[in-house]
Amino acid sequence: MSAYCLATYRCFDEKADFHKKATGIAVGLTVGSWTELPEAQKAQMEKHLGKVVAVEVHEPAPGQPPSERYADIQIAYPDVNFSRDIPALLVTVFGKLSMDGKIKLIDLNFSPGFMAGFAGPKFGMQGVRDLLGVHDRPLLMSIFKSVVGYELPALREQFYLQAAGGVDLIKDDEILFENPLTPLEKRIEVCLEAAEQATKETGQKLLYAVNLTGPTFQLAEQAKKAIRAGANALLFNVLAYGFDVLQALSADPEINIPIMAHPAMAGATYPSPHYGISASVLLGKLMRLAGADLVLFPSPYGSVVMPREENLAIKQVLLTNDLHRDYAYGAASDTDLKLAASFPVPSAGIHPGLVPLILRDFGGDVVVNAGGGIHGHPLGTIAGGQAFRQAIDATLQGITLRDYANNHPELKAAIDTWGIKE
Ligand SMILES: CSCCC(=O)C(=O)COP(=O)(O)O
């Protein structure tokens, strides 16, 4: 029996015949034409033909403009048409089509056969927790700020202050590239020294995600250079390079440290209701399939806001076995195809007063991540990390931040600065 990957589109049009549109997609993106084919050739081409699985038309509600008329169209694409890689799948399901009117790819389900070509995250959420030895609480990550134009001693100092505040992970800023002031190997050396110093004081292990940058064909060698220098995690701007590059890095047996996916450039793709690819596909399913161990994305609470339901959809696909739900058209279910979960990291403008909301929405399986919310603390960077740890402790114990702040001055100063969002 053939296997199919399923794409779901939301297509807006005031008067289109959406059923005809769906047939046009299913045929046009697979065999090209159908009705004109001689019967003998149809039999031969049948296995390559896309299928219209569903067309749900939504007429505008009374009072809504005609431009609100849309349909959700689901098309099944035969695996036999494309190779087992993300570029081939994306070009098939949303190559030319992405430029054909108001149409957005809102969901993508992979067939078991397609998924079998992917190992997924090498460490995943559990592996990252194992490396840190932390299994009973959300993790806390801090982001380097003010790094461009600074020299190694300044970076070392900034690393130490973050680490001493009790964070579990520290990531480079995504705009820190290979540069003469803080070259990769030297950066790793001084930051790991600072990590050791902080660990002696806090007793806590740390991962430092160093930004993997440079020309695509040199990335694997650059990652191995980082590992030889002692790197214990990588940050990677996946969308600038492509999912296939992430997959190649993640599948490389010599790159045996967690990879953290940064969402830089995602805003060019997911936010429009009419165009692009949904956040849960772009920052959820494809990141996990390609092997991201941790995935950053904007949260519903901070400075770069993503709607809550989209955030929860990302969480769902990073953590659960939803990648191949409804995956196949006419193929048997295969529940063994599980990839390790990717750690969700809702980010941007996060401060301690948001921790109860983050934990309400994500539970314990989340990395609380902040840059300005740590470095901008009125009592300094160390207090910034401590305030977050206190906010996490309070929330896990069911104590309000305000009550906990009565005998935790760092949390109190944070709340006085940024408030509490309920
Ligand atoms: C838009 S998600 C990426 C978050 C990020 O990389 C970042 O630097 C956020 O910094 P902030 O000071 O807003 O915590």
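Residues numbered from 1 in each chain as written. Predicted model: local features only at pLDDT ≥ 70, side-chain atom pairs only at ≥ 80, totals over all residues. Heavy atoms only, no water.

### Quick look at the overall build of the protein chain
And step 1. Of regular secondary structure, the protein chain possesses 17 helices and 13 strands.
And step 2. Overall size of the protein chain, expressed as C-alpha extent along the three principal axes, is 75 × 55 × 40 Å.
And step 3. For the protein chain, buried positions account for 54% of its 422 residues.
And step 4. Sequence-distant contacts, at least 24 apart, represent 74% of the contacts inside the protein chain between residues at least 6 apart.
And step 5. As presented, the protein chain carries roughly 17400 Å² of accessible surface, and 54% of it is formed by carbon and sulfur atoms.
And step 6. Mean positive and mean negative side-chain charge positions of the protein chain (36 and 46 charges, respectively) differ by 2 Å. (Helix = DSSP H or I, 4+ residues; strand = E, 2+ residues; numbered from the N terminus. Buried < 20%, exposed > 50% of the residue type's maximum accessible area, 1.4 Å probe, protein only. Contact = heavy atoms within 4.5 Å. Areas by Shrake-Rupley, 256 points an atom, 1.4 Å probe, with all protein chains shown as cover. Lys, Arg positive; Asp, Glu negative; His and termini not counted. Charge placed at Lys NZ, Arg CZ, Asp CG, Glu CD.)

### Side note on the pairing of strand β3 (residues 70–78)
And step 1. With 9 of 9 residues buried, β3 lies mostly within the body of the structure.
And step 2. Of the pairings in the sheet, the one linking strand β1 (residues 4–12) to β3 comprises 9 bridges and is antiparallel in character. By the bridge assignment, phenylalanine 12 is partnered in β3 with tyrosine 70.
And step 3. Looking at chain direction, strand β2 (residues 51–58) and β3 are connected through 7 bridges and run antiparallel. Residue valine 57 lies in a different strand from β3, and its bridge partner there is alanine 71. (Pairing = 2+ DSSP bridges.)

### Describing the site of the ligand
And step 1. The local shell around the ligand consists of Ile143, Lys145, Lys171, Glu174, His262, Pro263, Ser347, Ala348, Gly349, Ala370, Gly371 and Gly372.
And step 2. Between the ligand and the protein, one listed contact pairs an oxygen atom with a side-chain N or O atom of glutamate 174 at 3.5 Å.
And step 3. A distance of 2.7 Å separates an oxygen atom of the ligand from a polar atom in the backbone of glycine 372.
And step 4. In isolation the ligand has 410 Å² of accessible area, and contact with the protein removes 83% of it.
And step 5. When atom positions are compared with the pocket grids, the ligand is found to occupy the second largest pocket. (Near = heavy atom within 4 Å. Polar contact = N/O pair within 3.5 Å; in protein donor to acceptor, adjacent residues only side chain to side chain. 1 Å grid on protein atoms, 1.4 Å probe; cavity = no way out; pocket = protein on both sides within 12 Å on 5 of 7 lines; lining within 4 Å. Sits in = over half its atoms within 2 Å of the grid points.)

### Section: the packing of helix α12 (residues 308–319) against helix α13 (residues 355–362)
And step 1. In the contact formed by α12 and α13, the axes pass within 10 Å of each other and the chain directions differ by 55 degrees. It follows from the interaxial angle that α12 and α13 lie oblique. In contact with Arg308, Asn311, Leu312 and Lys315 of α12, α13 contributes Arg360, Asp361 and Phe362.
And step 2. Partitioning the contact of α12 with α13 into residue classes produces 2 nonpolar, 1 polar and 4 charged. (Axes fitted to C-alpha atoms, helices over the stretch in contact; angles between N-to-C directions. Parallel < 35°, antiparallel > 145°, perpendicular 65-115°, else oblique. Nonpolar A, V, L, I, M, F, W, Y, C, P; charged D, E, K, R; others polar.)

### A closer look at the layout of surface pockets
And step 1. Its volume calculated, the second largest pocket comes out at about 360 Å³.
And step 2. What lines the second largest pocket is a set of 25 residues, among which Ile143, His262, Val304, Ser347 and Ala348 lie closest to the centre.
And step 3. Contributing elements (two or more residues each) for the lining of the second largest pocket: β11 (294–298), β13 (367–370) and α14 (372–375).
And step 4. For the lining of the second largest pocket, the leading source of residues is β11, giving 3 residues.
And step 5. Along the lines of polarity and charge, the residues of the lining of the second largest pocket split into 13 nonpolar, 8 polar and 4 charged. (Points joined across faces, edges and corners; volume = space filled by probe spheres on them.)

### Description of the packing of aromatic side chains
And step 1. Counted according to the given criterion, the structure contains 10 aromatic pairs.
And step 2. Between phenylalanine 144 and tyrosine 208, the ring centres sit 6.2 Å apart and the planes meet at 70 degrees, which makes this aromatic pair edge-to-face. With phenylalanine 144 in the loop between β5 (139–143) and α6 (152–164) and tyrosine 208 in strand β7 (residues 207–211), the pair connects residues that are 64 residues apart, well separated along the chain.
And step 3. In this structure tyrosine 208 comes out as buried when scored by relative accessible area, which is 1%. (Phe/Tyr/Trp six-rings, centres within 6.5 Å; stacked < 30°, edge-to-face > 60°.)

### Focus: the environment of lysine 224
And step 1. Within the secondary structure layout, lysine 224 lies in helix α8 (residues 219–228).
And step 2. A relative accessible area of 15% means that lysine 224 is categorised as buried.
And step 3. Sequence spacing of lysine 224 and asparagine 256 is 32 residues, and the spatial spacing of their C-alpha atoms is 9.2 Å.
And step 4. Excluding its chain neighbours within four sequence positions, the residues that come into contact with lysine 224 are Asp252, Glu254 and Ile255.

### Let's talk about the sheet that holds strand β6 (residues 169–171)
And step 1. If you trace the 8 strands from one edge of the open sheet to the other, you get β12-β11-β9-β8-β7-β6-β5-β13, paired in parallel fashion. With partners counted over all chains shown, the strands left at the sheet margins are β12 (343–347) and β13, one partner each. On average, each strand axis in the sheet is inclined to that of its neighbour by 25 degrees, with strand direction left out of account.
And step 2. Bridge analysis of β5 against β6 gives 3 bridges, and the strand direction is parallel. By the bridge assignment for β6, isoleucine 143 is matched with lysine 171.

### Overview of the side chain of aspartate 168
And step 1. Note on placement: aspartate 168 falls in the loop between α6 and β6.
And step 2. A polar contact of 2.9 Å, which involves the side chain of aspartate 168, links it to the side chain of arginine 137.
And step 3. A polar contact is formed between the side chain of aspartate 168 and the side chain of glutamine 204, at a distance of 3.1 Å.

### Quick look at a nonpolar patch on the surface
And step 1. A cluster of nonpolar side chains, namely Val148, Ile175 and Phe177, defines an oily patch on the protein surface of about 290 Å² accessible area.
And step 2. Along the chain, isoleucine 175 turns up in the loop between β6 and α7 (184–202). (Patch = residues over 30% accessible without salt bridge, like charges linked within 9 Å, V, L, I, M, F, W, Y side chains within 5 Å. Salt bridge = Lys/Arg side-chain N within 4 Å of Asp/Glu carboxyl O.)

### Quick look at the pattern of salt bridges
And step 1. Evaluation of the coordinates by the stated rule reveals 16 salt bridges.
And step 2. In this structure, the salt-bridge partner of lysine 21 is aspartate 100, at a minimum N-O distance of 3.4 Å. Highlighted residues: lysine 21 in helix α1 (residues 18–28) and aspartate 100 in the loop between α3 (86–94) and β4 (103–109), separated in sequence by 79 residues.
And step 3. In this structure lysine 21 comes out as partly exposed when scored by relative accessible area, which is 21%.
And step 4. Among the salt bridges present, the one from arginine 228 reaches glutamate 221, with a minimum N-O distance of 2.9 Å.
And step 5. Look at the salt bridges and you will find they share partners, linking Arg308, Arg360 and Asp361 into a network.

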